[in-house]
Amino acid sequence: MSGTFYAVGVGPGDPELLTLKAARVIGACPVVAAPRTAGGRMVALDITRQAVDLAGKEILPLDFSMSPDPAKRAAAQQAAAALVRQKLEAGLDVAMVNIGDVSIYATCSYLLEQLAAEGFATARVAGVPSFCAAAARLNTSLTGIDTPLHIYPAAEEEDLSAALGQPGTKILMKSARRLPAVLKALRAEGLAGRSALVANCGLPGELALSGLDGPDAGAALDAGYFVTVIVKEG
């Protein structure tokens, strides 16, 4: 029998946010797969190691491309799927650890959909999303009883003014690469004072700013890749 592929959310960085279910599933799988950056970092695996004993498990690094070229991204995804498929065909269960939650801009989604289409058993284990952890870090709520919540991938080309004009709270995820444009748009719309930012939430180098209308907002420009911006209604 083939193994099962588990996509497991490990939260945004703080190992204490890794759920009991995530720890149980990871602990039961003989193979733990993890995305690896071009620089060799495996952040999701680093988080997992602090909460789950991985002794005796096979670690399977998966290299994904961040290229703007869809063909290059697809080729990397297919290569990663082939590595996981080999383990599943050998009857081994594989837990792929994913930063944050497994249903929100999750790297693991590409593999899960591909392997499910091929007939392999798959399952998702929810994790704490980065914007929920960021709100907790800032000690603020994201919504009121009637407040809508909008989530935007700020790294994509979109009309920021239109997004910021929506009612309720706006979450700008994957903001790092476009942060100068995001800050400019927030100031132009008069929203910088009602905006907050958390970078590297729960990770080394964490930065939390409760307002983006002061001089310290410039520090966010060097905060790294994991940046979440929260824009609240007045």
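I will try to describe carefully the structure that is included in this document. Please read all numbers here as calculations on a predicted model, not as lab measurements.

Pairing is mixed in the open sheet, where five strands are placed in the order β6-β7-β10-β8-β9. Taken across any chain shown, the strands that pair with only one partner, and hence form the sheet edges, are β6 (149-153) and β9 (207-209). With strand direction ignored, the average angle separating the axes of adjacent strands in the sheet is 15 degrees. Sheet contacts for helix α5 (residues 130-137): β6, β7 (169-173), β8 (195-199), β9 and β10 (227-231); angle to β10, the most-contacted strand, approximately 65 degrees. Each of β7, β8 and β10 touches helix α7 (residues 179-188); the most contacted strand, β10, lies at about 10 degrees to it.

On the surface, a nonpolar cluster with roughly 250 Å² of combined accessible area is contributed by Y105, L149 and I151. Locating Y105 in the fold gives a position in the loop between β4 (94-98) and α4 (108-117). Y105 gets classed as partly exposed once you look at its relative accessible area, which sits at 41%.

Let us now look at the pairing of strand β3 (residues 58-63). Of the strand pairs in this sheet, strand β2 (residues 31-36) and β3 are connected by six bridges, and their pairing is parallel. The residue of β3 that forms the bridge with A34 is P61. The β-α-β motif built from β2, the intervening helix α2 (residues 43-49) and the parallel element β3 has right-handed crossover chirality.

Let us now look at the pattern of salt bridges. This model, assessed by the stated rule, comprises four salt bridges. Its salt-bridge partner being E206, residue R137 comes within 2.7 Å of it at the nearest N-O pair. Residue R137 is located in helix α5, and its partner E206 is located in the loop between β8 and β9; the two are separated by 69 residues in the primary sequence. Taking relative accessible area as the criterion, E206 reaches 33% and is therefore assigned partly exposed.

By the secondary structure assignment, H150 is in strand β6. The class of H150 is buried, set by a relative accessible area of 17%. At 2.8 Å, the side chain of H150 and the backbone oxygen of P167 are in polar contact. Those residues in contact with H150, other than ones at most four positions away along the chain, are Q166, P167, T169, K170 and I171.

Quick look at unusual backbone geometry now. Non-glycine residue N139 carries a positive phi angle of around 55 degrees. Within the secondary structure, N139 sits in the loop between α5 and β6. A relative accessible area of 72% places N139 in the exposed class. The backbone of N200 shows a phi angle near 55 degrees, a positive value even though the residue is not glycine. Position of N200 relative to the elements: it lies in the loop between β8 and β9.

Conventions and cut-offs
Residues numbered from 1 in each chain as written. Predicted model: local features only at pLDDT ≥ 70, side-chain atom pairs only at ≥ 80, totals over all residues. Heavy atoms only, no water. Pairing = 2+ DSSP bridges. Helix = DSSP H or I, 4+ residues; strand = E, 2+ residues; numbered from the N terminus. Axes fitted to C-alpha atoms, helices over the stretch in contact; angles between N-to-C directions. Contact = heavy atoms within 4.5 Å. Patch = residues over 30% accessible without salt bridge, like charges linked within 9 Å, V, L, I, M, F, W, Y side chains within 5 Å. Areas by Shrake-Rupley, 256 points an atom, 1.4 Å probe, with all protein chains shown as cover. Salt bridge = Lys/Arg side-chain N within 4 Å of Asp/Glu carboxyl O. Buried < 20%, exposed > 50% of the residue type's maximum accessible area, 1.4 Å probe, protein only. Right-handed = clockwise from strand over helix to strand, strands pointing away. Polar contact = N/O pair within 3.5 Å; in protein donor to acceptor, adjacent residues only side chain to side chain.

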